[in-house]
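Coordinates in review
Here are the chains, one letter per residue:
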Amino acid sequence: MDMEDDTVQVRENSAEDTEMLELPKDPAEVKASEFIKGESSKEIPVESQQPELPENVVLQSLEKEEFIIKLAVGQQSEIIKNAILDGRGENPVPLLNVSAPILAKAIEFWKRHIDAAEGEDLTEWDKAFLGDLSQEVLFELAAAANYMESKSLLDCTCKFIADIIKEMKVEEVRDYFGIECDFTEEEERKMREDNAWAFEQ
Amino acid sequence: MGTSFAAEEEHDKPHGYNISDNVDILAEIMSRLDGRSLGVAACVCRVWYAVCNRDSVWEALCDRHVSGGDAGPGTRSVVRALGGYRRLYRLCVGPVLDRLTGSTGPDRWTGARADSVEVRGNVSLSLSLSLFSIDCYERLSGGSLRPASLLFLSKPVDVS
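Below or above, wherever it landed, is the structure these notes cover. No experiment lies behind these values; they were computed from the predicted model shown.

Attention shifts here to the packing of helix α8 (residues 135-147) of chain A against helix α2 (residues 23-30) of chain B. As a packed pair, α8(A) and α2(B) sit with axes 10 Å apart at the nearest point and diverge in direction by 95°. Between α8(A) and α2(B), the angle falls in the class roughly perpendicular. When α8(A) is examined against α2(B), the residues A:Phe139, A:Ala142, A:Ala143 and A:Asn146 are found in contact with a partner set consisting of B:Asp24, B:Ile25 and B:Ile29. A per-class count over the contact of α8(A) with α2(B) returns five nonpolar, one polar and one charged.

Next comes the structure, spelled out in structure tokens:
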């Protein structure tokens, strides 16, 4: 009977205490290390007393639209990961700077990356995925990745845009991004002189 | 962000949206450019010019090409004291990389393209800082003369 009392107590304590007491593995109990790897048991009962370790995460976009994703998928964003790990059980996680279509794209990216086989090269998939997006969506996705602190998505989107710029001359960059030149003629001349090294052999 | 999604569906060119609105993202993008592209990007408009001149952008570039040292706060303070990462790249790292890789770089004005656009290669940290110190010393002690010792990196010197 005492053992059972201990078990009940352990459930209410943090996962670390569970490890120290060496109790038999209970499918309902999720250790912190498993949680972080995203291998949480699929059989967590609804009445689990560990609300901070859900299997699914609900994300809320700017328009209050909700997206349900697996924990492992959401962990690719530091903001989402921290919101869950903090144990405040903040659910849904509010992402009020990200609009629904952008969030959907981010989730699609994360899903593909988490589903990737070990050592699988996703460069081609990434290029195709981003190449399909309009310029505005691409840029908003980069901004969202920055806001949600998702390094993989931020790296990918910014590198993609940088690669586009690398191919271009000044006028082409302006055309492509719809930027108006706001230099005076004199300033422009000076600018090109200053940066002439970039064009010299 | 709140930018309307419907708007971009009507018009392929961004309408009511401007890439220059988010300078942090612009900086992230610039950090992934090579040296020459940064020179081109600086000529696009005022906002781009300002972002391209952020030392952090050049620091990211240098970090990619400088090896053999701890690119931590210690290095950063030395580089800043000597004149900043932009100057370091333009005077030392860039020209040395060109020499090492034999890259001639694309001629942006005529649009002619070199075979290798992406300059790959590393310059050692000690070499970079040594060269940079020469430049710094010249500037401090040279009076009205422009620092010229490092010109040998970009222009051939006749030593016959």
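Anyway, onward from the coordinates.
If the charged atoms of two oppositely charged side chains come close together, the side chains can form a pair. Scanning all chains against the criterion turns up 19 salt bridges over all chains. Residue B:Arg32 pairs with A:Asp155 through a salt bridge whose shortest N-O separation is 2.4 Å. Taken together, the residues span two chains, with B:Arg32 in the loop between α2 and α3 (35-41) and A:Asp155 in helix α9 (residues 151-166). Taking the shortest distance from any N to any O, the salt bridge between A:Glu171 and A:Arg192 comes out at 3.1 Å. Of this pair, A:Glu171 sits in helix α10 (residues 170-177) while A:Arg192 sits in helix α11 (residues 185-194); the two residues are 21 residues apart in sequence, bridging distant segments of the chain. Owing to a relative accessible area of 17%, A:Arg192 belongs among the buried residues under this scheme. Within the structure, one salt-bridge network assembled from shared partners comprises A:Lys151, A:Asp155, B:Glu28 and B:Arg32.

The next point concerns the sheet that holds strand β2 (residues 66-70) of chain A. All names here are of chain A. Pairing is mixed across the open sheet formed by three strands, whose spatial order is β2-β1-β3. Lying at the two open borders of the sheet, with one neighbouring strand each, are β2 and β3 (93-94). Sheet topology note: the strand β1 (residues 56-60)/β3 ladder contains two bridges and is parallel. Its bridge partner being in β3, Leu59 is matched across the sheet by Val93.

Turning to the nonpolar core, a few remarks are in order. Judged by nonpolar contacts, the single largest core of 86 residues is most densely connected at A:Leu59, A:Trp110, B:Met30 and B:Trp48. It is α9(A) that contributes the most residues to this core, nine residues altogether. Beyond its immediate stretch of four places on either side in the chain, B:Trp48 contacts A:Ile165, A:Val173, A:Phe177, A:Ile179, B:Ile19, B:Ser20, B:Leu26, B:Met30, B:Ala41 and B:Ala42.

Cut-offs used in this document
Residues numbered from 1 in each chain as written. Chains lettered and ligands numbered in written order. Predicted model: local features only at pLDDT ≥ 70, side-chain atom pairs only at ≥ 80, totals over all residues. Heavy atoms only, no water. Axes fitted to C-alpha atoms, helices over the stretch in contact; angles between N-to-C directions. Helix = DSSP H or I, 4+ residues; strand = E, 2+ residues; numbered from the N terminus. Parallel < 35°, antiparallel > 145°, perpendicular 65-115°, else oblique. Contact = heavy atoms within 4.5 Å. Nonpolar A, V, L, I, M, F, W, Y, C, P; charged D, E, K, R; others polar. Salt bridge = Lys/Arg side-chain N within 4 Å of Asp/Glu carboxyl O. Buried < 20%, exposed > 50% of the residue type's maximum accessible area, 1.4 Å probe, protein only. Pairing = 2+ DSSP bridges. Core = buried A, V, L, I, M, F, W, Y, C linked by side-chain atoms within 4.5 Å.

Geometric values such as these leave the question of function open.
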